Amino acid sequence: MDGSRGDRYKARDSSIQSRKRKRTQCLSNVLFSIIKPDATRRNLTGAVNAKLEGAGLRIVAQKRLQLTEAQAKAFYAVHKERPFYGELVSFMISGPVVVQVLEGQNAVAKNREIMGATNPANAEPGTIRKEFAESIEANSVHGSDSLENAKNEIAFFFSESEIVG
Ligand code: ADP
Ligand code: MG
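Residues numbered from 1 in each chain as written. Chains lettered and ligands numbered in written order. Predicted model: local features only at pLDDT ≥ 70, side-chain atom pairs only at ≥ 80, totals over all residues. Heavy atoms only, no water.

Draft legend 1. Up close: the site of ligand 1. Looking at ligand 1, the residues that line it are Lys36, His79, Arg82, Phe84, Leu88, Arg112, Thr118, Arg129, Ile136, Glu137 and Asn139. A distance of 2.9 Å separates an oxygen atom of ligand 1 from a polar atom in the side chain of Lys36. Arg129 has a polar side-chain atom sitting 3.0 Å from an oxygen atom of ligand 1. For ligand 1, whose accessible area on its own is 530 Å², the fraction buried by protein is 80%. Under a 2 Å grid-point criterion requiring more than half of the atoms, the pocket assigned to ligand 1 is the largest pocket. Of the residues that constitute the shell around ligand 1, the class distribution is three nonpolar, three polar and five charged. (Near = heavy atom within 4 Å. Polar contact = N/O pair within 3.5 Å; in protein donor to acceptor, adjacent residues only side chain to side chain. Areas by Shrake-Rupley, 256 points an atom, 1.4 Å probe, with all protein chains shown as cover. 1 Å grid on protein atoms, 1.4 Å probe; cavity = no way out; pocket = protein on both sides within 12 Å on 5 of 7 lines; lining within 4 Å. Sits in = over half its atoms within 2 Å of the grid points. Nonpolar A, V, L, I, M, F, W, Y, C, P; charged D, E, K, R; others polar.)

Draft legend 2. Focus on the nonpolar core. Phe32, Met92, Val99, Val101, Phe157 and Phe158 are the most contacted members of the largest nonpolar core, which totals 23 residues. Among the secondary structure elements, those contributing two or more residues to this core are β1 (30-35), β2 (58-65), α4 (69-75), α5 (85-92), β3 (97-103) and α8 (147-157). In terms of residue count, the dominant contributor to this core is α5 (five residues). Residue contacts for Phe158: discarding those within four places in its chain leaves Phe32, Ala61, Gln62, Lys63, Val99, Gln100, Val101 and Ile163. Counting 17 residues, the second-largest nonpolar core is a separate cluster that includes Leu31, Ile35, Ala39 and Leu102. (Core = buried A, V, L, I, M, F, W, Y, C linked by side-chain atoms within 4.5 Å. Buried < 20%, exposed > 50% of the residue type's maximum accessible area, 1.4 Å probe, protein only. Helix = DSSP H or I, 4+ residues; strand = E, 2+ residues; numbered from the N terminus. Contact = heavy atoms within 4.5 Å.)

Draft legend 3. Seen up close, the pattern of salt bridges. Tallied over the full model, the rule gives five salt bridges. One salt bridge connects Arg42 with Asp38, and the closest N-O pair in it is separated by 2.6 Å. The salt bridge partner of Lys63 is Glu162, with a shortest N-O separation of 3.1 Å. Of this pair, Lys63 sits in strand β2 while Glu162 sits in the segment after α8, and the two are 99 residues apart along the sequence. Its relative accessible area of 24% is what places Lys63 among the partly exposed residues. Judged by its relative accessible area of 35%, Glu162 falls in the partly exposed class. Connected through shared salt-bridge partners, Asp38, Arg42 and Glu134 make up one network. (Salt bridge = Lys/Arg side-chain N within 4 Å of Asp/Glu carboxyl O.)

Draft legend 4. Representation of helix α6 (residues 107-115) within the structure. Residues Ala107, Val108, Asn111, Ile114 and Met115 constitute the buried set of α6. Burial along α6 is one-sided: seen end-on, the buried residues are contained in an arc of 125 degrees. Gly116 lies just past α6 and shows a positive phi near 90 degrees. (Arc of directions from axis to C-beta.)

Encoded structure:
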């Protein structure tokens, strides 16, 4: 009897191992996304998520939070020389945001497509920014522009245990 119980434990262990492996594999194609304050203010979290999920991306982590000024400045530090940096930081702390990790095949490129162009005036019909954005600044969503940036951006907001693929 002991033997069979041992086998059962072994079987369970190996299934946990394979689940972990699967999770690591699927998380190799991830991106970081933010639903911005203009969208949370207008109660569009679900509408944005429907677009993301409808296009085949999976939300593997998500939380709503109020960014601090220091967080917003650090997150957008790449844009600190741009003329709109100060206003962008003020906008990003003007209300709650929803930060997310999205997973899917070619996730970064796919999400850029679903989001549409930075300026909603130039965004394709059916994209999040065409349908929901208020302006080039208040454009409803952020999405990573490369896998490498995605990994850094994810680490900025999420611990590994919060990401469940
Ligand atoms: P994207 O979000 O499409 O990757 P960028 O990385 O160039 O675009 O810019 C980051 C964010 O800064 C944009 O999503 C938008 O909120 C804001 N932004 C970009 N360009 C302008 C601009 N000309 N005026 C005001 N805000 C801008
Ligand atoms: Mg960008």
